[in-house]
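# Reading the structure
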Amino acid sequence: MVSDSSSTTTAVDNPAPAECSEVSQDEEKGEIAVGDSEGREARGTWKHAAFHVATTIATPAAYAPLPFAVASLGWAFGAASLVAASLATWYSSILIASLWGWNGKKHTTYRHLARSIYGSGGYWSIAFFQQVASLGNNIAIQIAAGTSMKAVYKYYHKDGTLTLQHFIILFGGFELLLSQLPDIHSLRWVNAVCTFSTVGFAGTTIGVTLYNGKKMDRRSVSHSLEGNSTWKMFKAFNALGVIAFSFGDAMLPEIQRTVREPAKKNMYKGVSAAYGIIILTYWQLAFCGFWAFGSDVQPYIVSSLTTPEWTTIMANLFALIQISGCFQIYCRPTYSYFEENLLPGKATGKHLFQFQSHLTRLVFTSIYIVLVTLFAAAMPFFGDFVSICGAIGFTPLDFVFPVLAHLKAGRAWKTTRVSRLQTLLNLGIAVWFSVVAVLGCTGAVRFIVEDVRTYKFFHDM
């Protein structure tokens, strides 16, 4: 268990860099002194935190490729990788939550938390990785949403002429409307619905997967790794990136800022509750999907489902509802950055309800949505984007940085033996998942190059 000291200033072995105490007024955004009156504005409970965390991680875009990842790794290595990633990200999330107020200030964004520990280099590193994770995740979500909408459309209009790109654009328009909501807390009821849709999607998809698996001729299903040694190697690399993506959550400090005091304890409960849902559903879907369809399972599991048709439509609708909330969670770091620079009066509330503020927000959210939508429509290669996003974006944010930041901030347990064991555990996680990031990126780039050669831009997948 991580030390849960009070939110008051605590002496640590490695104090924050000196530059953090001499930053300009603009740089002080995102840092609130413990006990400051702004802290009373947080109204979220641990249940709200659980909704946000579950919505951020457990999305159909994250669930859907897990059977494909296990199929690419085989039963033994696939199961081991999935279990290890589950435990490692839960542990890392608890570590991030424990750093709330570690130096007497509440760091309300991941970027500001990184700066408090590593200085400006940490700030810009996390900003880069968050943008990669945000953009990659939302491109994948756009593709998944378009795929689900197209499946529902084709069920009712089998000869319909609308393509995947039309539905990607429609989803982008809907997200532009949601993007006008001011912050994550304003999405709490949206994310509550999304969390229940997560359970609905998982339950429906697992049930239909088992039904399809039993109806199939089991002798025709192969669970062996296919292809030559080079192909198997790159598929395995790609699968590691997919698994890293499936546990991606680059928004914990942003979520924690919405949680009432005691923020640490509420966040611990929220994270643990969310991971209870995640583990229950992730593991079942991953293993059931691989068992049912074997090596032929599609990167987006819903595409492998055939009968009964109405249940596959239900799964697609659950997926569409859930990922509409997830998209919003992941675009918020980008919106926050623009607001800090374009709406300087937001911190004092001067411009919150003024026309200029709303117009400025509409402009930069429109630019973001248009770019993401254009990229998703042009290159709708779901599995490839999932992998490269997991490798480059989520692996540093969710596996590597939390364990190293915890050590750097001096938050290891004080008992010498336990402290050494935790240090070794943290370093082991950092090293292994750094390797995973490199391998996952290598595999993803290989398959993106292959897909670009095979398909034209704006291909109707």
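## What to know about the overall build of the protein chain
Secondary structure assignment for the protein chain yields 15 helices and two strands. Put simply, the protein chain has 461 residues, and 56% of those count as buried. Of all intrachain contacts in the protein chain linking residues separated by at least 6 positions in sequence, the fraction that spans at least 24 positions is 87%. Total accessible area on the protein chain is roughly 19,300 Å²; 66% of this is exposed by carbon and sulfur atoms.

## Quick look at the packing of aromatic side chains
In total, this model carries 16 aromatic pairs according to the counting rule given. Ring geometry for W75 versus F290: centroids 4.6 Å apart, planes at 50°, classification tilted. Of this pair, W75 sits in helix α4 (residues 75-98) while F290 sits in helix α11 (residues 263-293), placing them 215 residues apart in sequence. One aromatic cluster is present, formed by W75, F287 and F290 through successive ring pairs. Between the NZ or CZ atom of R218 and the centre of the ring of W291, over which it lies, the distance is 4.2 Å. Sitting over the ring of F234, R446 keeps its end group 4.6 Å from the ring centre.

## Brief notes about the pattern of salt bridges
Counted by the stated rule, this structure contains three salt bridges. Among the salt bridges present, the one from R219 reaches D217, with a minimum N-O distance of 3.3 Å. Overall, R219 belongs to the exposed group, its relative accessible area being 78%. Judged by relative accessible area, D217 falls into the partly exposed class, the value being 40%.

## Brief notes about a nonpolar patch on the surface
Together, F355, L359, L362, V363, I367 and L371 line one region of the surface with nonpolar side chains, adding up to about 600 Å² of accessible area. Relative to the helices and strands, L371 is located in helix α13 (residues 355-378). A residue is classified by how much of its surface remains accessible, and L371, at 53% relative accessible area, is exposed.

## Notes on the side chain of N212
Following the sequence through the fold, N212 ends up in helix α8 (residues 188-215). Judged by its relative accessible area of 3%, N212 is buried. Filtering out sequence-adjacent residues up to four positions away, N212 remains in contact with F293, S304, L305, T306 and T307.

## Section: unusual backbone geometry
Put simply, E261 and P262 share a cis peptide bond, and its omega is -5°. Of note, the bond from T307 into P308 is cis; its omega dihedral lies within 30 degrees of zero at -15°. Summarising the element assignment, P308 is placed in the loop between α11 and α12 (309-342).

## What to know about the environment of Y335
Mapped onto the fold, Y335 is located in helix α12. Remark: the alpha-carbon pair of Y335 and R361, spanning 26 residues in sequence, is separated by 8.2 Å. Non-local contacts of Y335, meaning those with residues more than four positions away in its chain, are made with S179, R361, F364, T365, Y368 and I369. A distance of 2.8 Å separates a polar atom in the side chain of Y335 from a polar atom in the side chain of S179.

## Considering the packing of helix α1 (residues 46-57) against α11
At a minimum axis separation of 7 Å, α1 and α11 run at an interaxial angle of 40°. The angle between α1 and α11 falls in the class oblique. Here the hand of the crossing between α1 and α11 comes out right-handed. Note on element contacts: α11 touches α1 through N266, M267, K269, G270, V271, A273, A274, Y275, I278 and Y282, opposite W46, A49, A50, V53, A54 and I57.

## A few points about the packing of helix α3 (residues 66-73) against α11
Relative orientation of the contacting elements α3 and α11 amounts to 60°, with a least axis distance of 8 Å. The angle between α3 and α11 falls in the class oblique. The chirality of how α3 crosses α11 is right-handed. Only Y282, L285, A286, G289 and F290 of α11 make contact with α3, whose side of the interface consists of L66, P67, V70 and A71. Of the residues that constitute the contact of α3 with α11, the class distribution is eight nonpolar, one polar and no charged.

## Some words on the nonpolar core
The biggest cluster of nonpolar side chains holds 107 residues, and the ones touching the most others in it are V53, F245, F247, M267, Y282 and F327. Looking at this core element by element, the count peaks at 13 residues for α11. Setting aside its immediate chain neighbours within four residues, Y282 contacts I57, A58, T59, A62, Y63, L66, L82, S246 and F247. Grouped together as the second largest cluster of nonpolar side chains are six residues, M379, I388, A444 and I448 included.

Conventions used here
Residues numbered from 1 in each chain as written. Predicted model: local features only at pLDDT ≥ 70, side-chain atom pairs only at ≥ 80, totals over all residues. Heavy atoms only, no water. Helix = DSSP H or I, 4+ residues; strand = E, 2+ residues; numbered from the N terminus. Buried < 20%, exposed > 50% of the residue type's maximum accessible area, 1.4 Å probe, protein only. Contact = heavy atoms within 4.5 Å. Areas by Shrake-Rupley, 256 points an atom, 1.4 Å probe, with all protein chains shown as cover. Phe/Tyr/Trp six-rings, centres within 6.5 Å; stacked < 30°, edge-to-face > 60°. Lys NZ or Arg CZ within 6 Å of the ring centre and 35° of its normal. Salt bridge = Lys/Arg side-chain N within 4 Å of Asp/Glu carboxyl O. Patch = residues over 30% accessible without salt bridge, like charges linked within 9 Å, V, L, I, M, F, W, Y side chains within 5 Å. Polar contact = N/O pair within 3.5 Å; in protein donor to acceptor, adjacent residues only side chain to side chain. Axes fitted to C-alpha atoms, helices over the stretch in contact; angles between N-to-C directions. Parallel < 35°, antiparallel > 145°, perpendicular 65-115°, else oblique. Left-handed = near helix turned anticlockwise from the far one by under 90°. Nonpolar A, V, L, I, M, F, W, Y, C, P; charged D, E, K, R; others polar. Core = buried A, V, L, I, M, F, W, Y, C linked by side-chain atoms within 4.5 Å.

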